[in-house]
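# Results of the structural survey
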Amino acid sequence: MSKIPVDQRHEYPQDNTYWRSREQLAEAPEWKALAQREFANEASELIDPVSRRNFLQFMTASMGLAGLQACRRPVQQILPYTRTPEDVIPGVAQHYASSFSMGQHSFGLLVESHEGRPTKVEGNPDHSSSFGGTNAYAQALVLDLYDADRSQAVLNKGKKATWADFSAFAKTLPADGAGVAVLSETIASPTLAAQSKAFLAKYPKAIWAQYDPLNSDNALAGAKLAFGSAVRAHADYEKADVIAAFGADFLHEGESLAASRQWAKRRKPDSQMSRLYVVEGQFTVTGAAADHRVRVQTRQVFDVLRAVAAELTKAGLPVDPAVKDAVASAKFENEKFVKALAKDLLAKKGKAVIVVGDAQPAAAHALAHTLNLALAAPVTFTAVPDYQATEQAEQLKALVDSLGSVTTLIILGGNPAYNLPFDVKFEERVKKIANVVHLSDRVDETSALAGWHLPRSHAFEAWGDTISFTGQVAPVQPLIEPLYDTKSDIEVVSILNGNSDKRGYDLVRATYSDRLDAEAFWRRSVHAGVFAGTQLAAVTPTLTTKWTAALAAPPAKAELELQFVVGSIYDGRFANNSWLQESPDPMSKLVWDNAALLSAKTAAEMSVKNGSVIKISYKGQSLDAPVWVQPGQPDKTISIALGYGRSKVGLVGENVGVNAYKLRHSAAPWFDGSVTAAPVAGATYKLVSTQDHGSMEGRPVVRERNLPEFQRDPGFARKMVQHPKLQSLFKEHDYTKGHQWSLIVDLNSCVGCNNCAVACQAENNIPVVGKDQVSRGRYMTWIRLDRYFEGSEEEPHVVHQAVMCMHCENAPCEQVCPVGATIHSPEGLNDIAYNRCIGTKYCLNNCPYKVRRFNFLAWHETEPEKIKMQHNPNVTVRMRGVIEKCTYCVQRINAGKIKEKTSKVAMKDGDVTPACAQACPSGALTFGDLLDPNSRVAQLGKDPRNYGMLEELNTKPRTTYLAKVRNLNPELG
Amino acid sequence: MQLFPKWTNRIPTLIAAGVPFILGGAVFGFWYWGSPKFLDVGYAPKQPVPYSHKKHAGELGIDCLYCHGPAEKGPHATVPATQVCMNCHTFVKTESADLAPVRHSWEKDVPVEWVRIHQVPDYAYFPHNAHLSAGVGCVECHGRVDQMPVVSQQEPLSMGWCLECHRNPEPHLRPASLVTQMDYTPSEADKLVVAERMKTINPPQHCSGCHR
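Residues numbered from 1 in each chain as written. Chains lettered and ligands numbered in written order. Predicted model: local features only at pLDDT ≥ 70, side-chain atom pairs only at ≥ 80, totals over all residues. Heavy atoms only, no water.

### A look at the nonpolar core
Residues and elements named next belong to chain A. As a reminder, the rule being used: Put simply, a nonpolar core is a bunch of buried Ala, Val, Leu, Ile, Met, Phe, Trp, Tyr and Cys residues held in one set by side-chain atoms that sit within 4.5 Å of each other. Under the scheme applied here, a residue whose accessible area is under 20% of the maximum for its type counts as buried, over 50% as exposed, and between as partly exposed, the area being computed with a 1.4 Å probe on protein chains only. To qualify as a helix, a DSSP run of H or I must reach at least 4 residues; to qualify as a strand, a run of E must reach at least 2; elements of each kind are numbered from the N terminus. Only heavy atoms matter for contacts: two residues are in contact if any of them lie within 4.5 Å across the pair.
Of all hydrophobic cores here, the largest spans 138 residues; its most connected members are F460, I614, I616, I638, L925 and M949. Sorting elements by how many residues they give to this core places helix α4 (residues 136–145) first, with eight residues. For I638, the contacting residues outside a window of four places in its chain are L560, E561, L562, Q563, A596, L597, L598, I614, I616, Q633 and A677. Listed in part, the 69 residues of the second largest apolar core include W263, L276, A368 and W547.

### What about the packing of aromatic side chains?
All names here are of chain A. Definition in use: The rule is short: rings of Phe, Tyr and Trp, with Trp giving its six-membered ring, pair when the centres are within 6.5 Å, and they are stacked under 30 degrees, edge-to-face over 60, tilted in between.
Across all of its chains, the model carries 34 aromatic pairs over all chains by this definition. Their ring planes at 90° and their centres at 6.3 Å tell us that W163 and F166 sit as a pair that is edge-to-face. Taken as a pair, W163 and F166 lie in helix α5 (residues 163–171) at a separation of three residues, close to a single helical turn. Neither W163 nor F166 differs from the other in exposure class; each is buried.

### With respect to the confidence of the model for chain A
The condition that has to hold: Confidence scores per residue from the predictor, reported as pLDDT, run from 0 to 100.
Counting all residues, the mean pLDDT for chain A is 89, and 94% of those residues have values of 70 or more. A low-confidence stretch, residues 1–13 of chain A (pLDDT under 50), is modelled with 24 contacts involving residues beyond four sequence positions or located in other chains.

### Concerning the pairing of strand β39 (residues 925–929) of chain A
Residue and element names in this part refer to chain A. Operational definition: By definition, two strands form a pair when at least two bridges between them are found by DSSP.
Here β39 lies mainly inside the structure; five of its five residues are buried. In the sheet, strand β32 (residues 741–746) pairs with β39 via five bridges, with the strands oriented antiparallel. Paired with L743 across the bridge in β39 is F927.

### Observations concerning the interface of chain A and chain B
Selection criterion: Throughout, buried area stands for the accessible area (probe radius 1.4 Å) lost by two parts on being put together, summed over both. A side-chain nitrogen of Lys or Arg and a carboxyl oxygen of Asp or Glu constitute a salt bridge if their distance falls within 4 Å.
Between chain A and chain B, the contact holds 35 residues from the first and 41 residues from the second. Between chain A and chain B, the buried area comes to about 3500 Å², and carbon and sulfur atoms account for 56% of it. Taken together, chain A and chain B are joined by one salt bridge. A salt bridge links R83 of chain A to D109 of chain B, with the nearest nitrogen and oxygen atoms 3.6 Å apart. Broken down by secondary-structure element, the contributors of at least two residues to the side of chain A that touches chain B are β2 (77–78) and α27 (890–903) of chain A.

### A short note on the confidence of the model for chain B
Of all residues in chain B, 100% have pLDDT values of 70 or greater, and the mean over the chain is 91. Scored by ipTM, the complex comes to 0.89, with pTM at 0.91.

### Topic: unusual backbone geometry
A positive phi is found at Y570 of chain A, a non-glycine position, where the angle reads about 55°. Position of Y570 of chain A relative to the elements: it lies in the loop between β22 (561–566) and α20 (578–582). One non-glycine residue with positive phi stands out, namely T78 of chain B, at about 65°. Relative to the helices and strands, T78 of chain B is located in the loop between α5 (70–73) and α6 (82–89).

### Comments concerning the packing of α4 of chain A against helix α23 (residues 755–763) of chain A
Residue and element names in this part refer to chain A. The test is simple: Angular values range over 0 to 180 degrees, each being the angle between N-to-C directions of two axes fitted as lines to C-alpha atoms, with helices fitted over their stretch in contact. Each angle receives one of four descriptions, namely roughly parallel if under 35 degrees, roughly antiparallel if over 145, roughly perpendicular if within 65 to 115, and oblique otherwise. Two helices cross in a left-handed way if the nearer one is turned anticlockwise from the farther one by less than a right angle. They cross in a right-handed way if the turn is clockwise.
Remark: α4 packs on α23, axes separated minimally by 8 Å, with the N-to-C direction vectors making an angle of 20°. In terms of orientation, α4 and α23 fall into the roughly parallel class. Classified by chirality, the crossing of α23 by α4 is left-handed. Together, A136, Q139 and A140 of α4 and N755, V758, A759 and A762 of α23 make up the contact between the two elements.

### Quick notes on the sheet that holds strand β15 (residues 379–383) of chain A
Residue and element names in this part refer to chain A. Strands sit in the order β10-β15-β21 across an open sheet of three strands; the sheet is antiparallel. If you trace the sheet from one side to the other, it starts and ends with β10 (231–235) and β21 (538–539), each paired once. As defined by bridge partners, β10 adjoins β15 across five bridges and the pair is classed as antiparallel. Each residue of the ladder has a partner; that of H234, found in β15, is T380.

### A look at the packing of α6 of chain B against helix α7 (residues 100–108) of chain B
All names here are of chain B. Viewed as axis vectors pointing N to C, α6 and α7 meet at an angle of 115°, and their least axial separation amounts to 10 Å. Looking at the two axes, α6 sits roughly perpendicular to α7. Of the two elements, α6 crosses α7, and the hand of that crossing is left-handed. Facing α6, whose interface residues are T82, Q83, C85 and M86, α7 presents V102, S105 and W106.

Shown next as structure tokens:
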């Protein structure tokens, strides 16, 4: 192990050993070589197709030309408006409230616009599913808008057509709708719901089915089992002392923004700190945040829940005898865990909650409801909108069963040819249908089967509305005229309903017109980004017991399991989004790929290692997938992310990864046994993981303690390194005037979700570099999320640490710059002037935190022209040959200071927020002025957990951390 | 046999004496003739409309902010929209041949293609509003525009020139209400106002003040 040479006199030696990769744990030579290199493997070498000789020739020629060009001043033109739009001040960004939905989940947004160009997305603080935070998908939405591969025109049988042609076609639909079927994505819009009702009224014999590959069918079915009606459960994690998550990645999926915010509020290390137990298959973000994580096959998660239920009822939890009897014999091999968890849940009755993931069977959800009610858990129930109250699998089955008699299939969004279960045989069936219409943002796998391809508007181009999981209704407000000749879902359904001239705006307005104050209400709501008073009605459901037979199912057999999980690009809809493709998976740190995740033991049994290829066979289907050995993965479980391996999506995402939908059966959409896997002899595949990039070489950079130890010595973090009195060789700056900026990262709240890194990318014009360049260590993201394992390879626990520029007061980078391109500002920022940088990379070498990035190539020059519209005009687009790094979003600081000067209103704490802190849903990042004694950073700086990374080098970092404190159950130790 | 005449012996000495001179000359030449002060000052390109600031700002006395209003509110002073021209020219000089491009722009909804004169590099961010609220007069950077029939660049707009003022702003400041006054001479009362202002303006002299 890479033990740090620890001085024995240290009061708190670094007793835990943290590791990031299996290679590091094993001290493999590759890892040593990588850690000791000046640059990551090959980053500094020119290994491009251009040979050195060619290169010199080009250089000579271009230098000659450059010399001539410089003689003339380029003429630049100013093209003012002819008629100035209201409220537009060139150079001042505007924000519009909007929202977007993914399946049943919708999030409120505030979208920034520069002279009509949407450039950046923030969360809407007034939206009950966002609270001002965003997820990475929301951040990346803006890149999708400018995607060069979006479709731009209506196509009929591959030929360009017009919307008028389609309207004419719509008029030929049979009057009673016989033979007409619609397959839409989840309806999460009251307006679309009303229109679908109108459609079914106009065409009574038509069929309308909703299907999303990542749906909450099991939760819905579970509620119907338990309560006999469709209700939704909403856990309040802020009120929970004990949380037991069974296969539920609630901090990263679904309502994760609200959940992680509530959860983080209770992770302050005091007597009120909550405790999180996770039982799961694949290692998720929630599992990494857990105090106690038990890895089991996903099929066994339900077994564990039943064992816990048995233990709870034995200990006297009052549940229906039918349930008690059904689970009485349930057992789980780790009895100690089950007993301790049950005891903890009972002890915190009223403040303990059980949550179950979407992948778990309906009976698991029903059992959790039963237990939660008995525990008086902080869970509220709401009704489900009637248009979401039928399981999507059922709707899909009804549609598929009738496909034989369908003559016109209208597919509204979605990509069924790619993401439907393989047993549906969609492609085969659809080819027999005379008219297939597909509304889609690009010509994809489904469009290839459809006679009519209709281009779909982006969420920032069209009016609409969304309803969130909790029932918060919010407007979708366009920021820009459609870039191409596109229409939104509601406009297309309106054409089908015979109103081809209705605009989206009027359609949405009509939904909210039945009020006396309709106009005022509408204006107020569009401004706020939410329709006030639109939460779903709370209900108090009553339990039934007819379902308890499902509890008696035999425990899962111990055989190889295949599990489908959600990766960086969701269900595949973001496959052409390079920010998300390049954002490392929170746990495996893989970029630009999915992989078959295996435990070390299972990999050894199959005699495969990272980058081997295995053939996974399941019910007559097979898929070759590269292997990634994931610490903490349960044995005999293959986890593979959906959404990859798109064959028709665009330049970015085509054939990235493998398509796991090929193995998805409608009877087992999330996991199943009876799968076989065998290595493909001789085949290898290059997977790129960033887990060893920016290695901290075993220094004590993450610090954590268990709660009782912390309470004994709250200041442990600062005592973990010993150093002589720190004395600088250089003259120190004066940091006593003006603003002194600082960023504090609370490791207790950080779950490693990547949202901050993608937000930073969007705000600061950070280029993507592609898989090959990432493998050479040339990645450009300013925030590196380090994921540390601690403990054994089988049962590690995890600490995530966001590492950005530390803005050291004694910055080592500044001392070595030969041209003074990186210099300290009087406000404590480590400034960099790109135009002064000559690219020696000395600063990069001398930075102990490895947070500086070098532009090895001219990344921005190869971008499609349209993507450039996303760029933030307030941040310089960097050229080849210069260093860049986190600036604390200095453009926002400057904007705040200019506002302070022009408005003569003093800046308050929180007026300036960098993009990372703004996006963080759990509030792990806090930014502010250290000299303001009431600022949050000044307060957090006094927290005993506060420590600076590598403080012993006397760098005096301005970015500091709050050490992690876990709340372990003493009985599990 | 003597191949070279005797005077060639002096060539190395001449080179030794000449090279520093030539190199020094090159450095001086680049420093002087290559500087913004030499290259940019006086730049007065031909504009699509022969608009005279002397006529409008000087003789007619239209305030700068009538056309360049966003200078107060945002980073860019902006060239006014065609709409602003048409506010008056719907009634005045409606047939003027010089104004044909403006009328064309108004009727066809296409912008007038003005040529940019004052330009800081893309990596430098100059906010007009911050400077106006601090009390930097328009004249300080743009010169006596009210006397220019054709606008030309008056100042080098180089980094050194910016820093001169950032290091010692006091002589360049005036009460914020008088920034557009072209023929301004400070009164004693104004000097007191400026001296008070000096306590708060704190112009940045570090990189990220302007480069970000």
